[in-house]
Amino acid sequence: MQLLPVNLAYFLEVARTGSVTEAAHALNVAPSAISRQVAKLESGIGVPLFARHPRGMILTDAGSRLLAHARRTETESTTLVEELRTGRGAEARSVAVACSEGFARRLVPRAIADFRRAHPDVAFRVDVVARQEATRRVVEGLADVAVTYTMGPQHDVRVECAVVVPVAAIVPLGHELAGRDRIGLADLCAYPLALASPGTSQRELFDIGAQLEGITVRPALVCDSLAPQYEFVRAGGGLALVGDLGDTEQSAATEGVTYVPVDHPVFRQREAQVQTATGRRPSWSATQFTELLMASLRRDHSP
């Protein structure tokens, strides 16, 4: 059942297919009806939503922003219809979580396990994606909540919780740095390093810090996945970096490494955030799980 206004539903289908003809075929209506409703929508808003080309319809900037809104509205409508049909609003629900890899290692799955002990009928989907992609999925209604690292203000989402997460060096057991209370960038860069690729938040800050310190670094390993970095460290290849989400001490013994805090002010520019969509009614389960995620993130870090 479709709860979207007709003109918005037609706009959404044209945006999906890139063609009035294909949209009309998918919706089983005349192409002229599609064109008329899209034109009416553009007239009402006062700006063009598509650039018309012989090979299809291309979204303008305004069209892209409306598409994000339409997707959020569509997702909320689908959720509401399901609630009304089943009458099981709080008892049976699914929650979609988008998060970057550091949060997917422990924080998110442990929060899911805790939540399901009290609400076993709630199912989850976790998508491990890049930090910007996690935010985009919440904006477009593809995820109920995101847990990700950010730098700078966020305008398109509601930031439910934000904390500065320290950075720690992943060090092999028995390494000469393993017993230190903390180390500086110069200490860290004296050894071969496994680093994330340029463009990731941690790597951006590391590069800024190294430049400020006048240190030239040529990583021994560049990899965005944490598992190869950990194995590289365990095998004695060098050191790596990870956000300290408060679980490093308890996990060190099982992972065969130790963690040493890295002391440099540049890393305080990055926040770990729990994000939800603005202007969208979250489901009961998504709301309750978001609260649990916030409590888990704040447990070992001050806002």
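The notes below deal with the structure included here. (Residues numbered from 1 in each chain as written. Predicted model: local features only at pLDDT ≥ 70, side-chain atom pairs only at ≥ 80, totals over all residues. Heavy atoms only, no water.)

### With respect to the overall build of the chain
Going by this rule: Only DSSP runs of H or I reaching four residues or more are called helices, and only runs of E reaching two or more are called strands; each is numbered from the N terminus. Using a 1.4 Å probe on the protein chains alone, a residue whose accessible area is under 20% of its type maximum counts as buried, one over 50% counts as exposed, and one in between counts as partly exposed. By definition, residues are in contact when any of their heavy atoms lie within 4.5 Å. A 1.4 Å probe and the Shrake-Rupley method give the accessible areas. Residues count as covered only by the protein chains that appear here.
Secondary structure assignment for the chain yields twelve helices and twelve strands. Counting only C-alpha atoms and orienting by the principal axes, one finds that the chain spans roughly 75 × 50 × 30 Å. Counting across all 303 residues of the chain, residues that qualify as buried make up 45%. Within the chain, contacts between residues separated by at least 24 positions form 75% of all contacts whose residues are at least 6 apart in sequence. Carbon together with sulfur atoms contributes 51% to the accessible area of the chain, which is approximately 15100 Å² in total.

### Regarding the pairing of strand β7 (residues 167-172)
Short version of the rule: Note on pairing: two strands pair once DSSP finds at least 2 bridges between them.
Buried residues dominate β7, accounting for six of its six residues. Here β7 shows no split at all, with Val-167, Ala-169 and Val-171 on one side and Ala-168, Ile-170 and Pro-172 on the other all buried. One ladder, built from five bridges, connects β7 with strand β11 (residues 257-261); its direction is antiparallel. If you follow Val-171 over to β11, its bridge partner there is Thr-258.

### Digging into the packing of helix α1 (residues 6-17) against helix α3 (residues 31-45)
Condition: Fitting a line to C-alpha atoms yields each axis, with helices limited to the stretch in contact; the angle taken between N-to-C directions then spans 0 to 180 degrees. By definition in this entry, angles of less than 35 degrees are roughly parallel, angles greater than 145 are roughly antiparallel, angles of 65 to 115 are roughly perpendicular, and the rest are oblique.
Closest axis-to-axis distance for the α1/α3 pair is 9 Å, and the angle between their directions is 110°. The angle between α1 and α3 places the two elements in the roughly perpendicular class. The segment α1 lies against α3, with Val-6, Asn-7, Tyr-10, Phe-11 and Val-14 engaging Ala-33, Ile-34, Gln-37, Val-38 and Leu-41.

### Some words on the sheet that holds strand β10 (residues 239-243)
Read across the sheet, five strands follow the order β9-β8-β10-β7-β11 without closing on themselves; strand pairing throughout is mixed. Each end of this open sheet is capped by a strand with a single partner; those strands are β9 (221-222) and β11. Sheet topology note: the β7/β10 ladder contains four bridges and is antiparallel. Its bridge partner being in β10, Val-167 is matched across the sheet by Gly-243. Relative to β10, helix α9 (residues 201-213) is tilted by about 120°, and along the sheet it contacts β7, β8 (193-195), β9 and β10. The strands touched by helix α10 (residues 226-234) within the sheet are β7, β8, β9, β10 and β11, with β10 carrying the most contacts at an inclination of about 140°.

### Considering α1
Under the convention used in this document: Take the number of residues in a helix, subtract one, and multiply by 1.5 Å to get its expected span.
A rise of 1.5 Å per residue sets the reference length of α1, with its twelve residues, at 16 Å; its end C-alpha atoms lie 17 Å apart and thus fit the reference within 8%. Listing the buried residues of α1 in full gives Asn-7, Leu-8, Ala-9, Tyr-10, Phe-11, Leu-12, Glu-13 and Val-14. Backbone geometry just after α1 places Gly-18 at a positive phi near 75°.

### Some thoughts on the environment of Phe-206
Relative to the helices and strands, Phe-206 resides in helix α9. Spatially, the C-alpha atom of Phe-206 lies 33 Å from that of Ala-113, the residues being 93 residues apart in sequence. Contacts of Phe-206, omitting those with residues within four sequence positions, involve Leu-185, Leu-188, Cys-189, Leu-193, Leu-195, Val-217, Leu-241 and Phe-267.

### A few points about the sheet that holds strand β5 (residues 145-150)
The strand order β4-β3-β5-β12-β6 describes an open sheet built from five strands, whose pairing is mixed. One side of each edge strand has no neighbouring strand; the edge strands of this open sheet are β4 (122-128) and β6 (157-164). Pairs of neighbouring strands in the sheet enclose a mean axial angle of 20°, with direction left out of account. Pairing analysis gives five bridges linking β5 to strand β12 (residues 271-277), with the strands arranged antiparallel. For Thr-150, the partnering residue across the bridge sits in β12 and is Glu-271.

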